[in-house]
Amino acid sequence: MRFMVIMYPGPAAETGALPDEKILTEMGKFNEELVKAGVLLGGEGLQPSSKGARIRFPAGGKPSVSDGPFTESKEIVGGFWMIQVKSKQEAIEWMKRCPTAGGEMIELRQVFEVEDFAPSDPSGELRAAEQRLREQVAAKK
């Protein structure tokens, strides 16, 4: 099963200041462990929200765009990992080992798999189309 792991680094991330050498080294080692274990599918740190935008889709209306920064910095995503593990508990155990500078929060969200949509797709056509798209994406790597 796949999980998106979302890092909420707190207000410090909104300053744009990079982590110090110690935490970068520790994070590099942690990521290397994830790779060696065959768990890491991808992941990156994110720039401050001041460099981003939000697009809202009101019911029946046109999309509206708001440029950052966004006010609730405690809820700003600072980075992510995509991991593949056997269970939620395994994902939790991996992320409990994540080096942090303190004050961070990590959220785990299980990713829907194609087979999860079987009840909504009795013919299997949509799942087959999704599988073809995934194969096309994988072939481009």
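What you are looking at is a predicted structure, and each value in this text was computed from that prediction instead of being measured.

(A) Region of the structure containing the side chain of Ser-49. Mapped onto the elements, Ser-49 comes out in the loop between strand 2 (40–45) and strand 3 (53–56). A polar side-chain atom of Ser-49 sits 2.4 Å from a polar atom in the side chain of Glu-14. The contact partners of Ser-49, leaving out residues within four places of it in the chain, are Glu-14, Gly-68, Pro-69, Phe-70 and Ile-76.

(B) Quick peek at the pattern of salt bridges. Going through the model one piece at a time under the given rule, you end up with eight salt bridges. A salt bridge links Arg-2 to Glu-113; its shortest N-O distance comes to 3.0 Å. Of the two residues, Arg-2 sits in strand 1 (residues 2–8) while Glu-113 sits in the loop between strand 6 (105–110) and helix 3 (125–139), which places them 111 residues apart along the sequence. An identical accessibility class is assigned to Arg-2 and Glu-113; each is buried. Glu-130 is the salt-bridge partner of Arg-134, the closest N and O atoms lying 3.1 Å from each other. Placement of both Arg-134 and Glu-130 in helix 3 is noted, with a separation of four residues, approximately one turn of the helix. Connected through salt bridges with shared partners, the residues Arg-2, Glu-113, Glu-130 and Arg-134 form a single ionic network.

(C) Just empty space enclosed by the protein, in detail. Scanning the entire structure with this criterion turns up one cavity of 30 Å³ or more. Considering only enclosed or pocket space, the largest cavity measures out at about 30 Å³ in volume. As for the largest cavity, its lining consists of Ala-13, Glu-14, Leu-46, Gln-47, Pro-48, Ser-49, Ile-76, Val-77 and Gly-78.

(D) Fine view of the sheet that holds strand 1. Taken in spatial order, the four strands line up as 2-5-1-6 in an open sheet, and their pairing is antiparallel. In this open sheet, the two edge strands, each paired with only one partner strand, are strand 2 and strand 6. Within this sheet the neighbouring strands show an average axis-to-axis angle of 15°, counted without direction. Two elements, strand 2 and strand 5 (residues 79–84), share five bridges in a ladder whose sense is antiparallel. Note that in strand 5 the partner of Gly-42 across the bridge is Met-82. Against the sheet, helix 1 (residues 21–36) engages strand 2 and strand 5, with an angle of about 20° to strand 5.

(E) Quick look at a nonpolar patch on the surface. On the surface, Ile-55, Phe-57 and Val-65 cluster together into a nonpolar patch covering about 350 Å² of accessible area. Residue position: Ile-55 is located in strand 3. For Ile-55, a relative accessible area of 52% puts it in the exposed group.

(F) Region of the structure containing the environment of Glu-21. Here Glu-21 shows up in helix 1. When the C-alpha atoms of Glu-21 and Ala-59 are compared, they prove to be 46 Å apart, with 38 residues separating the residues in sequence.

(G) Here's a closer look at the packing of aromatic side chains. Overall, the coordinates contain one aromatic pair when judged by the stated rule. Note on Phe-30 and Trp-81: the rings are 6.0 Å apart at their centroids and 85° apart in plane angle, and the pair reads as edge-to-face. Residue Phe-30 is found in helix 1, and its partner Trp-81 is found in strand 5; the two are separated by 51 residues along the sequence. Residue Phe-30 is classed as buried on the basis of its relative accessible area, which comes to 3%. A relative accessible area of 7% places Trp-81 in the buried class.

The rules behind each value
- Residues numbered from 1 in each chain as written.
- Predicted model: local features only at pLDDT ≥ 70, side-chain atom pairs only at ≥ 80, totals over all residues.
- Heavy atoms only, no water.
- Helix = DSSP H or I, 4+ residues; strand = E, 2+ residues; numbered from the N terminus.
- Polar contact = N/O pair within 3.5 Å; in protein donor to acceptor, adjacent residues only side chain to side chain.
- Contact = heavy atoms within 4.5 Å.
- Salt bridge = Lys/Arg side-chain N within 4 Å of Asp/Glu carboxyl O.
- Buried < 20%, exposed > 50% of the residue type's maximum accessible area, 1.4 Å probe, protein only.
- 1 Å grid on protein atoms, 1.4 Å probe; cavity = no way out; pocket = protein on both sides within 12 Å on 5 of 7 lines; lining within 4 Å.
- Points joined across faces, edges and corners; volume = space filled by probe spheres on them.
- Pairing = 2+ DSSP bridges.
- Axes fitted to C-alpha atoms, helices over the stretch in contact; angles between N-to-C directions.
- Patch = residues over 30% accessible without salt bridge, like charges linked within 9 Å, V, L, I, M, F, W, Y side chains within 5 Å.
- Areas by Shrake-Rupley, 256 points an atom, 1.4 Å probe, with all protein chains shown as cover.
- Phe/Tyr/Trp six-rings, centres within 6.5 Å; stacked < 30°, edge-to-face > 60°.

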